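# Observations on the three-dimensional arrangement
Residue-level listing of the chains:
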Amino acid sequence: PRSMNDIKIEVPEVRWSDIGGLRDVQELLSRVISWPIIHQERYRKMGISAPRGVLMYGPPGCCKTMMAKALATESNLNFLSVKGPELLSMYVGESERAIRDLFSRARSAAPAIIFFDEIDALATHRGADRGSGVHDRVLAQLLTELDGVEGLTGVVVIAATNRPDRIDKALLRPGRLEKLVYIPLPDLQCREEIFKLKFEKIPYEGLDFKECAKITEGLSGAEVVAVCHNAAIESITCGVVTPEIVQSAISNITPQTSTESLSLYHD
Ligand code: ATP
């Protein structure tokens with residue numbers, strides 16, 4: 001967006017039931033983000049502080065954005081979202097103002113979640129842009145805003161990245177994005193659940209979702225969804241999706257995340 005007025009404040013419509021698997025992450029996010037907002041008064045009375053921000057990291061297409069949205073929907077929180085690269089593409093000085101506006105709008109919309117997608121674009125190690133200084137200034141502004149989110153004002157930041165190695169450590173200090181949540185590639189059960197969810201509305205014959213899950217190891221959630229989608233399109237000519245159609249949809253997909261690149265996400 002060219003200005004923050006382009007940013008929508010919404011309560012999204014994604015439900016937990018739209019998401020296959022990842023139950024433990026749902027539970028964790030509710031605990032860490034929703035409870036402190038919903039039970040503000042009790043937290044205050046007990047003198048317990050809550051994290052201001054969470055960093056979700058993991059391979060692309062594994063539901064980070066969808067989880068953040070579902071959390072907002074299910075907890076009735078307003079949701080403001082912005083992508084790191086969009087903020088950087090602004091005119092000189094505009095990016096910092098945009099960040100200030102974003103937080104101020106979130107405070108007026110509280111209780112609210114601010115979702116920063118592709119935060120690595122903003123939060124790259126300082127000095128990495130060799131000269132223009134725009135990253136440094138934008139990061140500094142973001143840190144100022146994070147430090148200013150008073151405990152329990154009802155604004156929480158969720159940031160997401162595929163490149164945790166590029167995040168400036170200053171962002172991860174206590175009081176900032178202090179909780180790290182890993183969102184992995186979908187495991188066997190998660191993939192099976194995605195197939196089941198997607199095939200609720202697609203006619204099929206002879207499909208065994210356990211088997212489908214077995215042969216999609218290494219695919220991201222988004223890629224499993226793409227397999228279902230492409231299989232559904234194939235079935236237009238013959239009426240139903242068969243195991244052969246699924247098989248061929250799988251072989252047409254090249255996984256974006258290789259086994260080697262998973263090492264990015266482990267120490
Ligand atoms: P990126 O890092 O590329 O921004 P992301 O981790 O934020 O990706 P999403 O945008 O949330 O991923 O997911 C992409 C799409 O993949 C979703 O819109 C959804 O259709 C599908 N998807 C991924 N994982 C799941 C899942 N566990 N259940 C249902 N759908 C999923």
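By convention here, each chain's residues receive numbers from 1 onward along its written sequence. Since the coordinates come from a predicted model, pLDDT governs what is reported: local features require at least 70, and pairs of side-chain atoms require 80 or more to be given and counted, while whole-chain, interface and lining totals use all residues. Hydrogens and water molecules were not included; the side-chain quantities draw on all heavy atoms of the structure.

## A closer look at the site of the ligand
Worth spelling out the cut-off: Working definition: residue near molecule or strand if any one of its non-hydrogen atoms lies within 4 Å of it. N or O atoms within 3.5 Å of each other form a polar contact, as long as, within protein, one can give a hydrogen and the other can take it, and as long as residues adjacent in sequence are counted only when both atoms are side-chain atoms. Areas reported here follow the Shrake-Rupley algorithm with a probe of radius 1.4 Å; residue values treat only the protein chains shown as occluding. Strands are runs of DSSP state E lasting at least 2 residues, helices are runs of H or I lasting at least 4, and numbering of each runs from the N terminus.
Close contacts around the ligand come from 18 residues, with G20, K64, T65, M66 and N162 the closest. Contacts to the ligand include C63, whose backbone N or O atom sits 3.1 Å from an oxygen atom. Notes on the ligand: free accessible area 630 Å², of which the protein chains cover 77%. Secondary structure elements with two or more residues in the shell around the ligand: α3 (64-75), α7 (188-198) and α9 (221-238).

## Examining the nonpolar core
How we decide: Nonpolar core, defined: a set of buried Ala, Val, Leu, Ile, Met, Phe, Trp, Tyr and Cys residues in which side-chain atoms within 4.5 Å join the residues together. Remark: exposure states derive from per-residue accessible area (1.4 Å probe, protein chains only) relative to the maximum for the residue type, with buried under 20%, exposed over 50%, and partly exposed in between. Should any heavy atoms of two residues lie within 4.5 Å, those residues are counted as being in contact.
Judged by nonpolar contacts, the single largest core of 28 residues is most densely connected at L29, I33, M56, M67, I113 and I158. If we ignore the near neighbours within four places in the chain, the residues touching I33 are V54, L71, I113, V156 and I158. Listed in part, the 26 residues of the second largest apolar core include L55, L122, V155 and A170.

## Considerations on the pattern of salt bridges
Inclusion rule: Counted as salt bridges are all cases of a side-chain nitrogen of Lys or Arg within 4 Å of a carboxyl oxygen of Asp or Glu.
This model, assessed by the stated rule, comprises 13 salt bridges. Residues R15 and E74 are paired through a salt bridge, measuring 3.1 Å at the closest nitrogen-oxygen approach. Here E74 lies in helix α3 and R15 lies in the loop between β1 (9-10) and α1 (23-38), a separation of 59 residues in the sequence. Linking R31 and E27 is a salt bridge whose minimum nitrogen-to-oxygen distance equals 3.6 Å. One end of the pair is R31 and the other is E27, both in helix α1 and 4 residues apart, which spans about a single turn. In this structure E27 comes out as partly exposed when scored by relative accessible area, which is 44%. Taken together, the shared-partner salt bridges connect E192, K196 and K210 into one network.

## Quick word on the environment of S30
Topologically, S30 is positioned in helix α1. On the accessibility criterion, S30 (19% relative accessible area) is buried. At 2.9 Å, the side chain of S30 and the backbone oxygen of Q26 are in polar contact.

## Thoughts on the packing of α7 against α9
Each pair of packed helices gets described by two things: the angle between the helix axes and the distance between those axes. As a reminder of what qualifies: What counts as an axis is a line fitted to C-alpha atoms, over the stretch in contact for a helix, and the angles between N-to-C directions run from 0 to 180 degrees. Working rule for handedness: look at the near helix, and if it is turned counterclockwise from the far one by less than a right angle, call the crossing left-handed; if clockwise, right-handed. Each residue gets one label: Ala, Val, Leu, Ile, Met, Phe, Trp, Tyr, Cys and Pro are nonpolar, Asp, Glu, Lys and Arg are charged, and the others, such as Gly, are polar.
In contact at an axis separation of 10 Å, α7 and α9 are set at 40° when each is read in the N-to-C sense. Classified by chirality, the crossing of α9 by α7 is right-handed. Each of R191, I194, F195 and K198 in α7 lies in contact with α9, whose residues at this interface are G221, V224, V225, V227 and C228. Partitioned by chemical class, the residues of the contact of α7 with α9 number 6 nonpolar, 1 polar and 2 charged.

## A few points about α7
Each α-helix turn comprises 3.6 residues. Residues three or four places apart therefore point the same way. By the burial criterion, the buried members of α7 are C190, R191, E192, E193, I194 and F195. Elements in contact with the buried residues of α7: α1, α8 (209-214), α9 and α10 (243-251).

## A word on the pairing of strand β2 (residues 53-57)
As a reminder, the rule being used: Strand pairing is assigned whenever DSSP identifies at least 2 bridges connecting the two strands.
Of all 5 residues in β2, 5 are buried, a share of seventy percent or more. Of the two faces of β2, the one holding G53, L55 and Y57 and the one holding V54 and M56 are both buried throughout. In this structure, β2 lies alongside strand β5 (residues 155-161), joined through 5 bridges in parallel fashion. Bridge assignment links G53 to a residue of β5, and that residue is V157. Relative to strand β6 (residues 177-182), β2 is paired through 5 bridges, and the arrangement is parallel. The residue of β6 that forms the bridge with M56 is V181.

## Digging into α3
To keep it simple, the criterion reads: What a helix should span is 1.5 Å times the count of its residues minus one.
Compared with the 16 Å implied by 1.5 Å per residue over 12 residues, the 17 Å span of α3 between its first and last C-alpha is a close match. Of the positions making up α3, those classed as buried are K64, M67, A68, A70, L71, A72, T73 and S75. Of the surrounding elements, those touching the buried residues of α3 are α1, β2, β3 (78-83), β4 (112-117) and β5. Backbone geometry just downstream of α3 places N76 in the positive-phi region, at approximately 60°.

## Examining the packing of aromatic side chains
The condition is simple: Each Phe, Tyr or Trp ring, with Trp reduced to its six-membered ring, pairs with another whose centre is within 6.5 Å; inter-plane angles below 30 degrees give stacked pairs, above 60 give edge-to-face pairs, and intermediate values give tilted ones.
Counted by the stated rule, this structure contains 8 aromatic pairs. Ring centres of Y57 and Y182 lie 5.2 Å apart, and the angle between their planes is 35°; on these two criteria the pair is classed as tilted. Here Y57 is found in strand β2, whereas its partner Y182 is found in strand β6, with 125 residues between them in sequence. Since its relative accessible area comes to 25%, Y182 is described here as partly exposed. Where F195 meets F199, the ring centres are 6.4 Å apart and the plane angle is 20°; that geometry is what we call stacked.

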